[in-house]
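Observations on the three-dimensional arrangement
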Amino acid sequence: MIGRDPESRRTFILDHTRLQSPPHTPELRLHLADEITPIWRMTEEALQEIGLPPPFWAFAWAGGQALARYILDAPETVAGLRVVDFASGSGIVAIAAARAGARQVLAADIDGFCGAALALNLEANGVSADFTDQDLLDLPPPEADVILAGDICYEKPLAERVMTWLEAGARRGTRVLIGDPGRSYFPREGLVRLAEYQVPTTRDLEDREVKRTAVWTFPPG
């Protein structure tokens, strides 16, 4: 079993990933898994045996890449603002926000491993952000200027819960940006599409090698 301490998790991540640039955000560097890293070849059973939940933090998912690209190309979206990156995973979106000049960045993910991955990835990119593993869905949307959320609609119950929570934040005046590669449970109705990208990925993660991925927001009011 892997220890809960940050150093044990840090060592595991360094041993099972390699530092590389996601294809859609080449200016960023992340510790990620690919076909030549050990964690890529580990089965779900093997991960459970060593006490590791699904390592979503080890991959740069299409929605997160698109959202990070949008922020990097339009830094005024977050510059000088308080930003929350919900379901942060590898931290790609939080890092993009920090690079774009956000005043304060909080990355949130219930998987504590994401905190260790985020720390390594922040270090690799020379930026800073805070991390929490508290389930923000148990609380009202945070007092933030912008909430960012990538790849959140892969399960129906979770998608419904998250979208309700994000909409509540938008009604309170927080700007919400969502990156989604056409997941089945993503509700496009009532949302405004801000940008669309063709994001390179892999068939080991997705159903095709390039995913048409969009960035969405709630309409004003």
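Refer to the structure printed above.
What you are looking at is a predicted structure, and each value in this text was computed from that prediction instead of being measured.

Between its first and last C-alpha, helix α3 (residues 62-73) extends 16 Å over 12 residues, near the 16 Å set by a 1.5 Å rise per residue. Along α3, the residues classified as buried are A62, G63, G64, Q65, A66, L67, A68, R69, Y70, I71 and L72. Where α3 is buried, its residues contact α4 (92-99), β6 (146-150), β7 (175-180), β8 (192-200) and β9 (210-217).

We describe a pair of aromatic rings using the distance from one ring centre to the other and the angle between the two ring planes. One pass over the structure, following the stated rule, counts 7 aromatic pairs. Taken together, a centroid distance of 5.0 Å and an interplanar angle of 40 degrees make the contact between F86 and W165 tilted. Pair noted here: F86 is in strand β3 (residues 82-86) and W165 is in helix α6 (residues 156-171), with a separation of 79 residues, a long-range link. A single burial state applies to F86 and to W165, both of which are buried. For the pair F186 and W216, a centre-to-centre distance of 5.6 Å together with 55 degrees between the ring planes defines the contact as tilted. With a gap of 30 residues between them, F186 in the loop between β7 and β8 and W216 in strand β9 connect regions that are remote in the sequence. Residues F186 and W216 agree in their burial class; the two are buried. An aromatic cluster is built from F56, F59, W61 and Y154, whose rings are joined through pairwise contacts.

In this structure, I71 and L148 are the most contacted members of the largest nonpolar core, which totals 35 residues. Counting only elements with at least two residues in this core, the list comes to β2 (30-32), α3, α4, β4 (104-108), α5 (113-125), β6 and β8. Setting aside residues no more than four positions away along its own chain, I71 makes contact with V78, V93, A96, A97, A100 and L148. Counting residues in each nonpolar core, the second largest holds 22 residues, with F86, L136, I178 and L191 among its members.

Reading guide: rules and limits
Residues numbered from 1 in each chain as written. Predicted model: local features only at pLDDT ≥ 70, side-chain atom pairs only at ≥ 80, totals over all residues. Heavy atoms only, no water. Helix = DSSP H or I, 4+ residues; strand = E, 2+ residues; numbered from the N terminus. Expected span 1.5 Å × (residues − 1). Buried < 20%, exposed > 50% of the residue type's maximum accessible area, 1.4 Å probe, protein only. Contact = heavy atoms within 4.5 Å. Phe/Tyr/Trp six-rings, centres within 6.5 Å; stacked < 30°, edge-to-face > 60°. Core = buried A, V, L, I, M, F, W, Y, C linked by side-chain atoms within 4.5 Å.

Remember, this is a structural readout, not a statement about activity or role.
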